[in-house]
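What the coordinates show
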Amino acid sequence: MTDQTAPERADAATDPRKALGALRAEIGKAVVGQDPAVTGLVVALLCGGHVLLEGVPGVAKTLLIRTLSTALRLETKRIQFTPDLMPGDVTGSLVYDARTAEFSFQPGPVFTNLLLADEINRTPPKTQASLLEAMEEHQVTVDGEPRPLPVPFLVAATQNPLEYEGTYPLPEAQLDRFLLKLILPLPDRDQEFQVLSRHAAGFDPRDLHAAGVRPVAGRADLAAARAEIAGLTVSPEVLAYIVDLCRATRTSPSLSLGVSPRGATALLATSRAWAWLAGRDYVTPDDVKALALPTLRHRVQLRAEAEMEGVTADSVIQAVLAQTPAPR
């Protein structure tokens, strides 16, 4: 098969579930492990949401996004967030053209399908806020004129969980805009051995084509999948279960801030996407449980005394899951 026929085939939405299911194997040609993060990114694309990736440097966050965009034949751009980055460096700005004596709009890197916002917490709140409209409305407004972003559009923002000096923690309002927070752990011994074996055999992370990564799905598959997900059945009992889980976080003694109604709708959306990926046309309580941690962990705030005692957001959500009766 030639390089020209592969992209054409990727845009033919025959069986979107099969096409998107093939992503994990395709991404595995370049990225070892991180299957939960791959699935989370696919869920976010199916829901039209955004992802916060947290992990120490060197766990393949950038490579993961580049490989995903190649396997989906989507455009990707990367912004290295720094303290001197300005909002116009993200969204674009008006540039004066001396030849025409007029101002013309120069699009910023936000005009893409997959935007990797690297170390987003290293830039001041003013620049962080430049992404809010793009994430929520899928458009940016420059000089009073709204400009739509490409479809699909996903922000994958990274942050280092260990370094706090010189960083600007994301405010709750912006954290709530992320559909999922995915933790990328260090690989185990066998996975790290696979990484080194690939590099010893000549693997170049900058050359995904040589690694054999090819488009296996495309925009048409995503659009077809979203249409199918919209038709999934969610029983009143499952809806009530989601509500009870989110309300329980608001009364937890370990939390000063519980999950908002936006978090409840996010959990509903991710649970539906998970159920669809599993091949079902209805949502079960197990689907809700599977997505509760990545969907809710960044939407709660620990009390200072609980944090000092070693309590984590994940442990609180796990306790809520254990204490909230699930429908049968």
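Below is a short write-up of the structure. The structure displayed is predicted, hence computed values, not measured ones. (Residues numbered from 1 in each chain as written. Predicted model: local features only at pLDDT ≥ 70, side-chain atom pairs only at ≥ 80, totals over all residues. Heavy atoms only, no water.)

A short note on the overall build of the protein chain
Helix and strand counts for the protein chain stand at 16 helices and 11 strands. Its C-alpha radius of gyration of 21 Å places the protein chain within 12% of the 20 Å reference for a compact globule of 328 residues. Projected onto its principal axes, the C-alpha coordinates of the protein chain cover approximately 65 × 45 × 45 Å. Here the protein chain holds 328 residues, and the buried ones make up 46% of them. Intrachain contacts of the protein chain at a sequence separation of at least 6 include 80% that bridge at least 24 residues. For the protein chain, the computed accessible surface area is about 16100 Å², with 54% contributed by carbon and sulfur atoms. (Helix = DSSP H or I, 4+ residues; strand = E, 2+ residues; numbered from the N terminus. Rg over C-alpha atoms; globule rule 2.2 N^0.38 Å. Buried < 20%, exposed > 50% of the residue type's maximum accessible area, 1.4 Å probe, protein only. Contact = heavy atoms within 4.5 Å. Areas by Shrake-Rupley, 256 points an atom, 1.4 Å probe, with all protein chains shown as cover.)

Quick word on the pattern of salt bridges
One pass over the full model with this rule turns up 12 salt bridges. The closest approach of N and O atoms between R299 and D176, which form a salt bridge, is 2.7 Å. Highlighted residues: R299 in the loop between α14 (285–296) and β11 (301–302) and D176 in the loop between α9 (172–175) and β9 (180–183), separated in sequence by 123 residues. Judged by its relative accessible area of 5%, R299 is buried. Two residues, R280 and D287, come together in a salt bridge whose shortest N-O distance is 2.7 Å. A residue is classified by how much of its surface remains accessible, and D287, at 2% relative accessible area, is buried. Residues participating in the shared-partner salt-bridge network are D176, R262 and R299. (Salt bridge = Lys/Arg side-chain N within 4 Å of Asp/Glu carboxyl O.)

Things to note about the environment of M135
Within the secondary structure, M135 sits in helix α8 (residues 132–137). Considering only alpha carbons, one finds M135 and I229, 94 residues apart in sequence, at a separation of 21 Å. Residue contacts for M135: discarding those within four places in its chain leaves H50, F153, V155, R177 and F178.

What to know about the layout of surface pockets
Of the volumes computed, that of the second largest pocket is approximately 520 Å³. In terms of lining residues, the second largest pocket is bounded by 25 residues, among which V32, G58, V59, A60 and V195 are the most central. In terms of residue count, the dominant contributor to the lining of the second largest pocket is helix α10 (residues 189–200) (five residues). The class makeup of the residues in the lining of the second largest pocket is 15 nonpolar, five polar and five charged. (1 Å grid on protein atoms, 1.4 Å probe; cavity = no way out; pocket = protein on both sides within 12 Å on 5 of 7 lines; lining within 4 Å. Points joined across faces, edges and corners; volume = space filled by probe spheres on them. Nonpolar A, V, L, I, M, F, W, Y, C, P; charged D, E, K, R; others polar.)

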